[in-house]
Amino acid sequence: MNINEININRQLKFLTACDIGEKLLAVDIDGYGIFEIEKASGKSKILVALQRNNQGRLIYQAVEKYKDKVFFFPNNFTLEPVLVFDIKKNKERYINLFLKSKFFVGNYKPIYRVGDTVWLFPDDIHSELVVFDLINEEINIIASWKGAMKEIQINYVNSYRKVGNLLKVNESYYVTIIRTNIIVEISTNSYEIKLHRLSREISLFVSMDYDGENIWILDISNGIIKWNYKRGMEERFQLFEKSELPRFKDILCGKKYIWLIPYMQNKQIAKIDYNTKRMEIVEIFSNEFEYDTENCVDVMFGMIYRKEKVVDLYPMNGNLVIHIDLEKDILLQNHEVITLPEEWTNEDIIKYELNKSRESERMNTNDFFNVFINGNIVERVKEDNYTKGESIWDRLK
């Protein structure tokens, strides 16, 4: 097969990243290295090749920055430690949270930044709510959490539940307990917990946002809930038909509209008028938008970065970047490709993809990355047959 006949995907795929001004720091979707990405051009370079403790994907669910340190929190704490990258020193290290505290057990999802700490919500709601201090890298707990969770009656089948997103409203944080009708309120000052009960159960993957008066809740199976947290009043809207796969995963409150962010292969963003409840669908045109459904994890936009009233949505497996101005209710579509390093040839990328997907063809990926990290000039022999070409990969085996 001639290499010129192959469609080479040069996109750098990642689920989450850290915004450091004009650049992003991200770990690629398979966890092979830390990349620096120029936001203006979409160009990247590899900074560090990472240690890998297992043969599967190494996915990080959250990234937080404190001064010159960037913390990458793994999707599975039982398999991987927290990765810490020092921006100035350009070095990485690892923290095993199980060795930090007896309270750290099991796995944790989701994870949210609260001041100079990170809150890690347990998969099992009856375990401790863990707080990781970004300054001293120590673990504490929210002592009131475990006692409050005892009030929630659950059966064996649903004993392990994840919570929805964490939302700050004035002096409290709000979080939903999925597959219950309960919204938990946590005081920002005393950590006192109150349990609020809706009229019906919340089913799956709940997202919430605040319009200045009401909390809007997206229950991706049961529609949208408008909840006045002060008066305890709620309204429910079933604005889209139920389907086997939910269409939307995140809700954002603009000035005039509520915005719904797509889930999985859905190529539509929806906006809903607060007053009329009329929903308008914004199509992401298929002739411009490329999306790799074969390698889709479970989200279309992996990273959602919000800075005050401006939200940037970065793709996991596509070439579309969405920017939403919630103050002006404006959506901009930029067909930008965040690319793998320019110095990687097509042959390098093919070998890189083979290395990730085929267990039998795994090579020393760190050696490959280190060549480019050290800035070496690499000479390659041009070959028509991409499976035999003498690339940098072949020389390092």
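Residues numbered from 1 in each chain as written. Predicted model: local features only at pLDDT ≥ 70, side-chain atom pairs only at ≥ 80, totals over all residues. Heavy atoms only, no water.

Chemist: Would you mind going over the sheet that holds strand S1 (residues 17–19) with me for this structure?
Modeler: Within a sheet, each strand pairs with its neighbour through backbone hydrogen bonds, oriented either parallel or antiparallel. The four strands lie next to each other as S1-S2-S3-S4, forming an open sheet whose pairing is antiparallel. The strands lining the two open edges of the sheet, one partner per strand, are S1 and strand S4 (44–49). Geometrically, the sheet is characterised by an average inter-axis angle of 20 degrees between neighbouring strands, direction not taken into account. In this sheet, S4 lies alongside strand S3 (residues 33–38) in antiparallel orientation, the contact comprising five bridges. Note that in S4 the partner of Ile37 across the bridge is Ser44. (Pairing = 2+ DSSP bridges. Helix = DSSP H or I, 4+ residues; strand = E, 2+ residues; numbered from the N terminus. Axes fitted to C-alpha atoms, helices over the stretch in contact; angles between N-to-C directions.)

Chemist: I keep staring at unusual backbone geometry and nothing clicks. Help me out?
Modeler: Glycine aside, a negative phi is what most residues show, and trans is what most peptide bonds show. Following Lys109, the chain continues to Pro110 via a peptide bond in cis, the omega torsion being -5 degrees. Tracing the chain through its elements places Pro110 in strand S9 (residues 108–114). Within the chain, Tyr191 stands out as a residue other than glycine whose phi angle is a positive 65 degrees. For Tyr191, the location among the structural elements is in the loop between strand S15 (182–187) and strand S16 (193–197). The backbone of Glu308 shows a phi angle near 55 degrees, a positive value even though the residue is not glycine. In this fold, Glu308 is placed in the loop between strand S25 (301–307) and strand S26 (310–315). Here Glu308 falls in the exposed class, since its relative accessible area comes to 72%. (Buried < 20%, exposed > 50% of the residue type's maximum accessible area, 1.4 Å probe, protein only.)

Chemist: Would you explain the pairing of strand S7 (residues 82–86) in this entry?
Modeler: When a strand is regular, its side chains alternate between the sheet's two faces. For S7, the tally of buried residues reaches five of five residues, placing the bulk of the element in the interior. Here four bridges tie strand S6 (residues 69–74) to S7, and the two strands are oriented antiparallel to one another. Counted as the bridge partner of Lys69 is Asp86 from S7. Inspection of the sheet shows S7 paired to strand S8 (residues 91–95) by five bridges, in the antiparallel sense. By the bridge assignment, Asp86 is partnered in S8 with Lys91. In this structure, the hairpin formed by S7 and S8 is closed by a connection of four residues, where Asn90 is found at a positive phi of approximately 55 degrees.

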